[in-house]
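# Architecture at a glance
Single-letter residue listing:
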Amino acid sequence: MRSFSEYLSKTENDTVKIANTFSQSIKTNSIIYLVGNVGSGKTYFAKSLAENFGIKNMCSSTYSYVTSYFGTLNLVHCDLYRCNNTPQVIYDEIIEHLKNPWLLIIEWPLYQISIPSNSYYVVEITRTLLNERIYKIKSFVD
């Protein structure tokens, strides 16, 4: 099943509400791809999502690429902004971190990761001229 939702965020509080709403529809053992320009709010959105799973200390993993957090599930956060590694190296590192139940969030996806999952989601974040954010969420659920 595929679905599409679009949201407008005028404030950080709006973004938190969007993340809260989205988190209710996420299946465990799924992948979320976050797409957007620098400064669009990918990491803030990821942190807002993480809080819905009992994770309060998430931070940008730009320099380690892959970081795990434990709450009501194992959240694996990847920030591939400066990634120069091959797909296989990233795949191997991610696989080491996936412990059931898991949720994988990938910022700056360079390619689609071939990890068996229940579903995957693409969240495209666009920053407007008024410094608002448009969130386009595409769901691909089995």
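### A few points about the pairing of strand E6 (residues 119–127)
When strand E2 (residues 30–36) meets E6, the two strands line up parallel, connected through 7 bridges. Across the sheet, the residue bridging to Ser 30 is Ser 119, located in E6. With 9 bridges joining them, E6 and strand E7 (residues 133–141) adopt antiparallel strand pairing. Looking at the pairing, Val 122 lines up with Lys 138 of E7.

### With respect to unusual backbone geometry
Geometrically, the link from Asn 100 to Pro 101 is a cis peptide bond, its omega value of -15° lying close to zero. Considering the arrangement of structural elements, one finds Pro 101 in the loop between helix H3 (87–97) and strand E5 (102–107). Phi angles above zero are rare outside glycine, and Asn 29 is one such case at about 55°. Phi is positive for Asn 131, which is not a glycine, with a value near 65°. Here Asn 131 shows up in the loop between E6 and E7. Here Asn 131 falls in the partly exposed class, since its relative accessible area comes to 43%.

Thresholds, definitions, all that
Residues numbered from 1 in each chain as written. Predicted model: local features only at pLDDT ≥ 70, side-chain atom pairs only at ≥ 80, totals over all residues. Heavy atoms only, no water. Pairing = 2+ DSSP bridges. Helix = DSSP H or I, 4+ residues; strand = E, 2+ residues; numbered from the N terminus. Buried < 20%, exposed > 50% of the residue type's maximum accessible area, 1.4 Å probe, protein only.

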